[in-house]
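So the chains spell out like this:
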Amino acid sequence: MTSLKQLSSILKSVQKPGRYIGGEMHSIVKDKSEVSLRFGLCFPDVYEIGMSNLGSRLLYHTLNSDPGIWCERVYAPAQDMKAQMEKHAIPLTAIESGEDVKEFDILGFSLHYELCYTTVLSMLKLAGIPLLSKDRAEDAPIILGGGPCAYNSEPMADYFDLMNIGEGEELLTDICHLYMQMKKDGSYSRAAFLRRAAAEIEGVYVPSLYEITYKEDGTIAACTPKYPDVPARVKKRIVKDLDKAPYPDKLVMPYIETVHDRITLEIYRGCIRGCRFCQAGMIYRPIREKSPETLCKAAKCLFENTGYEEISLISLSTSDYSRLRELTDLLLEWTDDAHVSLSLPSLRLDSFSEELMQKISSVRTGGLTFAPEAGTQRLRDVINKNVSEEDLLRSVRIAFRGGKSSVKLYFMNGLPTETYEDIEGIAHTAKRVIDANYELPREERPAGLGVTVSVACFVPKPFTAFQWEKQDSFESLIKKQSYLRSCITDRRIKYNYHEAKVSFIEAVLTRGDRRLAPVIAAAVADGAYLDAWDEGFDFDRWMRAFAACGVDPAYYTTRGFGLDEVLPWDVIDCGITKQFLLREREKAYKGETTPACSEHCSGCGASALGGKTRWCK
Amino acid sequence: MVQVKNLPYLTLRFKFYKKGALQYISHLDLVRTMHKIVVRAGFPLWYTEGFNPKPKLIFGAPLSIGCESDCEFLDVRMVERVNEAEAIAALNRNMTADMQVTEAYYTETKFSDMAYLGYIFRFSLLDGTKALPAIVACLEKDRILIEKMGKSGKDKVMKTVDIKPQIRSAEVYAEGEEICIRAILSADPASFLNPEHLVSVLKSECGILREQNLARESYFILRTDAYTKDLSPFR
Ligand code: SF4
């Protein structure tokens, strides 16, 4: 155990020492002699990021509501702190107890972004835990992963003992209970536990229990379970009725500022839209809404226990919540008087939101952001982004009339079938937004108009209609980025673009297989840490790691995957069927759109998972 | 927003300590934290007017990271009188053990009436008593010069400043292995002396402190009390 006193020499020499002190209001401290399982909820990024993660907040609450479990938080120390810890041989500790996480029973990592993989391995190193699952001693903690990247965690398969596929609330509880039971009846051994978890708990994927074979051309031949009781495909676990799911009544109150320092209310899971590039829109299906009553009760309780004066309604697309009006009415019954403001990010501006903006001064629609994603209607149809330029301009006018003067537009380069015309379309769309402002009567125009165009690079993701696509080559992306720059001539348009190099590494990791494991370890050995931050990312380091391990990154990016190829993530059943994705891919190439689930169920397969849903047939 | 214009208010002053882990929390983060604490406490808060009404919280002199304090002040404007003892209990329920309120009273004095702050410095040195005369000599000099970042027009430049006038009194003594200084320093915003500056002077002027390469961690600063101009306790 490293006490604060011992750490004091270090805390006084690092940036933001408040990240490491713990002791926050509502953090949960239990008597360790009275619990039977110590769980470390590990977030592979710094405190300010991890503290804002909704999933972690939910799991912290859920696990700690079990008296037998003590769940503590573990974050990645910032570079300066990590250097100090290494210098003074201070191991990775948990925030609540300050104790060495190596002594814990289970460490659960949130895999929210592929570029956090190097941080995961660095945290294991700091903790003094062997990186490879097979090297861990009987008494080492079980290393578990979950979150969106778990849907294809093959590049990390050798490092994790167990993967959580799907929503953690019930799944993690089941895993913990099996662990406690086996410890109690003396049947526990790592191997026995992992085997039983894989065989008995839906949503558990134990990578070491599967054999991967490869064809001569290097593609995967098969992924076969090693034992008959291990499922051939692991089915995603979902919470069937979100109204009955546990929701925290308190939040750990950070002393330092975090990125989302407010109450976040998850209003529904899933997405009715079906954009063909979007992974989140697929893996969180089926769509399950919470009732306004449940949400309002949770909001009130959280407000009283936290003192936060901002409530953010979170989902993939706020406007698609079918009872938004009811919910806002219910919230407004008390929020205005309590000086609480509502923020509705990912809200499409339409007549309802105009009404909402007028009704209450305290509604924050967030910075005004729109995501047309593509510059022409043709390409928007290809990606099934069902917004027209007219929709965009209508929203922008509402915003301008509402006094907003800066608008941010998100696009993507490198989408399948993209041409230079589509790129010109991005510049054109931005210009139309500027013009829309000047078409308004002078007195309705906001002062200091500015439009920001922010362009990401398309990364083909598992479980999307574009999962087989080639990623645009690096050179091509850079050419497109500079072409777009030359198309944007208006000084009121600010142009930002994502580093193509980052998207390239992301693409390798997101569609990667087990042969990438040594590459990640090589990057870590070469100093990779907090790769998700600009200052942590080093492209050359990654290229050195690929070269050292004899892995060609292009295999995962510009090659594209064959439609009949066994995909590294085929072992996971996230509900969405391959047939649906193939159908969507075909439609994409024909430029045909697919209606939202609210209009028509397209039979994506997610309804087979069950769950209380409004739309799924 | 139903607030009537210019609602009258009462100012309830809280005196609290901030110690242990909370010495690593900056003044800005303290302000943010306190804001949520007073909201949670459920006080009848007075809100500012305008588009984004906020409760009015006024803090006494800021405390830098790495200093502990027994003597922090917070003024909260209320629209109704709350019982002092109940107010203390309500705040303390909403704060952790390293920060607790010790006193609460209604007041009309301003923080600008606070002229001095008292501190205790403790240095842990290998051969502490040897440093004592050097520290005394340093503090007795007519001028105590420090290099400080200051502004010259728009630019930031290094300036040499004499901090002697900002030290009202300083008494040096040994306590076991430790050397202590009990000092009363200016708290006037125009000539506020950050106790860290005193430490940096001692480090550069006193051989023994320099030789031991006094790391930031081997000393400890505690703010103990506050005074008015005539050195009577500030309330
Ligand atoms: S089952 Fe139908 S309604 Fe449900 S998510 Fe899939 S496509 Fe949408």
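Quick notes on the rules
- Throughout, residues of each chain are indexed from 1 in the direction in which the sequence is written.
- Throughout, the order in which chains and ligands are written sets their labels, letters from A for the former and numbers from 1 for the latter.
- The model is predicted, so local features are restricted to residues of pLDDT at least 70 and side-chain atom pairs to those at 80 or more, both for listing and for counting; the totals for chains, interfaces and linings are taken over all residues.
- Values reported for side chains reflect all heavy atoms of the structure, with hydrogen atoms and water molecules removed beforehand.
- Two strands are counted as paired when DSSP detects at least two bridges linking them.
- In this description a helix means any DSSP run of H or I spanning at least four residues, a strand means any run of E spanning at least two, and both kinds are numbered starting from the N terminus.
- Orientation is described by lines fitted to C-alpha atoms, with helices fitted over the stretch in contact, and by angles between N-to-C directions that extend from 0 to 180 degrees.
- Think of it like this: strands point away, you trace from the first strand over the helix to the second, and a clockwise trace means the crossover is right-handed.
- Throughout, a residue-residue contact means that at least one pair of heavy atoms, one from each residue, lies within 4.5 Å.
- Buried area counts how much accessible surface, traced with a 1.4 Å probe, disappears from two parts once they are put together, with both parts' losses summed.
- Salt bridges are defined as contacts in which a side-chain nitrogen from Lys or Arg sits within 4 Å of a carboxyl oxygen from Asp or Glu.
- Here a residue counts as near a molecule or strand whenever at least one of its heavy atoms sits within 4 Å of it.
- Throughout, the ten residues Ala, Val, Leu, Ile, Met, Phe, Trp, Tyr, Cys and Pro are labelled nonpolar, Asp, Glu, Lys and Arg are labelled charged, and all others, Gly among them, are labelled polar.
- Within 3.5 Å is the distance limit for a polar contact, defined as a pair of N or O atoms, with the added protein rule that one can donate a hydrogen and the other accept it, and that residues adjacent in sequence qualify only through two side-chain atoms.
- Under the scheme applied here, a residue whose accessible area is under 20% of the maximum for its type counts as buried, over 50% as exposed, and between as partly exposed, the area being computed with a 1.4 Å probe on protein chains only.
- Residue ranges for the domains originate in an automatic or database domain assignment.
- In this description, a nonpolar core means a group of buried Ala, Val, Leu, Ile, Met, Phe, Trp, Tyr and Cys residues linked to one another through side-chain atoms lying within 4.5 Å.
- Within 6.5 Å between ring centres, the rings of Phe, Tyr and Trp (the latter by its six-membered ring) count as paired, and their orientation is classed by plane angle as stacked under 30 degrees, edge-to-face over 60, tilted in between.
- Should an angle fall under 35 degrees it is called roughly parallel, over 145 degrees roughly antiparallel, and 65 to 115 degrees roughly perpendicular, with every other angle called oblique.
- Crossing handedness is read from the near helix: turned anticlockwise from the far helix by less than a right angle, it gives a left-handed crossing, and turned clockwise, a right-handed one.

### Description of the sheet that holds strand β16 (residues 368-373) of chain A
Residue and element names in this part refer to chain A.
Argument step 1. Strand order in the open sheet formed by four strands is β16-β17-β18-β19, and the pairing between neighbours is parallel. The two strands at the open ends of the sheet, each matched to only one other strand, are β16 and β19 (493-497). The mean angle between the axes of side-by-side strands here comes to 20°, regardless of whether they run parallel or antiparallel.
Argument step 2. Here eight bridges tie strand β17 (residues 406-413) to strand β18 (residues 450-457), and the two strands are oriented parallel to one another. Paired with F411 across the two strands is V455, which belongs to β18.

### With respect to the pairing of β17 of chain A
All names here are of chain A.
Argument step 1. As paired elements, β16 and β17 share four bridges and run parallel to each other. In the sheet register, T369 faces β17, and the bridge partner there is K408.
Argument step 2. With helix α14 (residues 420-439) bridging β17 and the parallel β18, this β-α-β connection has right-handed handedness.

### Points about the interface of chain A and chain B
Argument step 1. Counting residues at the interface gives 30 residues for chain A, matched by 29 residues for chain B.
Argument step 2. With both sides pooled, the region where chain A packs onto chain B buries about 2400 Å², and carbon together with sulfur makes up 60% of that total.
Argument step 3. On the chain A side of the interface with chain B, the three residues burying the most area are K12, Y255 and H339 of chain A, jointly 30% of the side's total.
Argument step 4. Counting the contacts that link chain A with chain B gives two salt bridges.
Argument step 5. The residue E257 of chain A makes a salt bridge to R32 of chain B at a minimum N-O spacing of 3.2 Å.

### Examining the site of the ligand
Argument step 1. Contacts to the ligand come from R285, I287, C597, C601, S602, G603, C604, S607, W615 and C616 of chain A.
Argument step 2. Its residues placed into classes, the shell around the ligand shows six nonpolar, three polar and one charged.

### Quick look at the side chain of T594 of chain A
All names here are of chain A.
Argument step 1. Relative to the helices and strands, T594 is located in the segment after α19 (578-590).
Argument step 2. Only 2.8 Å separates the side chain of T594 from the side chain of K587, close enough to count as a polar contact.
Argument step 3. Not counting chain neighbours up to four residues away, the residues in contact with T594 comprise R276, N384, N386, E584, K587 and S602.

### A closer look at the pattern of salt bridges
Residues and elements named next belong to chain A.
Argument step 1. What the rule picks out here adds up to 51 salt bridges over all chains.
Argument step 2. The shortest N-O distance in the salt bridge between K480 and E418 comes to 2.8 Å. Residue K480 is located in helix α15 (residues 474-487), and its partner E418 is located in the loop between β17 and α14; the two are separated by 62 residues in the primary sequence. For the pair formed by K480 and E418, the shared burial category is buried.
Argument step 3. A salt bridge links K578 to D570; the nearest nitrogen and oxygen atoms lie 3.0 Å apart.
Argument step 4. Looking at D570, the relative accessible area reads 21%, which means it is partly exposed.
Argument step 5. One continuous salt-bridge network, built from bridges that share partners, spans E167, E169, E266, R269 and R288.

### What to know about the domain arrangement of chain A
All names here are of chain A.
Argument step 1. Here chain A is partitioned into domain 1 (8-235), domain 2 (262-364 + 578-617) and domain 3 (365-498).
Argument step 2. Each of domain 2 and domain 3 has a C-alpha centre, and these two points are 23 Å apart.
Argument step 3. Interface area, domain 2 with domain 3, both sides summed: about 2500 Å², of which 64% is carbon and sulfur.
Argument step 4. The tally of links between domain 2 and domain 3 comes to one salt bridge.
Argument step 5. For E469, the salt bridge goes to R585, with nearest N and O atoms at 2.9 Å.
Argument step 6. Connecting domain 2 to domain 3 are 10 residue pairs in polar contact (both at pLDDT 80 or more).
Argument step 7. Elements supplying a minimum of two residues to the side of domain 2 that touches domain 3: α8 (280-283), α11 (351-359), β15 (363-364) and α19.

### With respect to the nonpolar core
Argument step 1. Counting residues in each nonpolar core, the largest one holds 190 residues, and the members touching the most others are F39, F109 and F193 of chain A together with F14, M34 and F43 of chain B.
Argument step 2. Of the residues forming this core, the biggest block, eight residues, is contributed by helix α6 (residues 168-184) of chain A.
Argument step 3. Once residues lying within four places of it in the same chain are set aside, the contact partners of F39 of chain A are L63, I69, W70, C71, E72, F104, I106, G108, L172 and C176 of chain A.
Argument step 4. Formed by 37 residues, the second largest nonpolar core is a distinct cluster that contains L63, I135, I179 and I181 of chain B.

### As for the packing of aromatic side chains
Residue and element names in this part refer to chain A.
Argument step 1. Across all of its chains, the model carries 25 aromatic pairs over all chains by this definition.
Argument step 2. Where F474 meets F539, the ring centres are 5.5 Å apart and the plane angle is 10°; that geometry is what we call stacked. Here the residue F474 occupies a position in helix α15, and F539 occupies one in helix α18 (residues 539-549), the gap between them amounting to 65 residues. Like F474, the residue F539 is buried in the burial classification.

### Concerning the pairing of strand β8 (residues 220-225) of chain A
Argument step 1. Pairing of strand β7 (residues 210-214) of chain A with β8 of chain A, which is carried by five bridges, proceeds in the antiparallel orientation. From the neighbouring strand, I212 of chain A faces β8 of chain A, where its bridge partner is C223 of chain A.

### Observations concerning the packing of helix α3 (residues 54-64) of chain A against α6 of chain A
Angle between the axes and distance between the axes are the two parameters that describe a pair of packed helices.
Residues and elements named next belong to chain A.
Argument step 1. The contact between α3 and α6 brings their axes to 10 Å, and the two run at 40°. Overall, the two elements α3 and α6 adopt an arrangement that is oblique. Crossing of α3 over α6 shows right-handed handedness. Two secondary-structure elements touch here, α3 through L58, L59, T62 and L63 and α6 through G168, E169, L172, T173 and C176.
Argument step 2. For the contact of α3 with α6, the per-class residue count stands at five nonpolar, three polar and one charged.

### Points about the environment of Y60 of chain A
Residues and elements named next belong to chain A.
Argument step 1. Along the chain, the position of Y60 falls in helix α3.
Argument step 2. When sequence neighbours within four positions are dropped, the list of residues in contact with Y60 reads H26, S27, I28, L41, C71, E72, R73, E96 and V252.
Argument step 3. A polar side-chain atom of Y60 sits 2.7 Å from the main-chain amide nitrogen of I28.
Argument step 4. A polar atom in the side chain of Y60 sits 2.6 Å from the side chain of E96.

### Some thoughts on unusual backbone geometry
Residue and element names in this part refer to chain A.
Argument step 1. For the bond running from R285 to P286, omega is 0°, close enough to zero to count as cis.
Argument step 2. Positionally, P286 belongs in the loop between α8 and β12 (288-289).
Argument step 3. Its identity is not glycine, yet H26 carries a phi of approximately 70°, on the positive side.
Argument step 4. Mapped onto the fold, H26 is located in the loop between α1 (4-11) and β1 (37-43).
Argument step 5. Although it is not a glycine, L530 sits at a positive phi angle of roughly 45°.
Argument step 6. Locating L530 in the fold gives a position in the loop between α17 (517-525) and α18.
Argument step 7. In this structure L530 comes out as buried when scored by relative accessible area, which is 6%.

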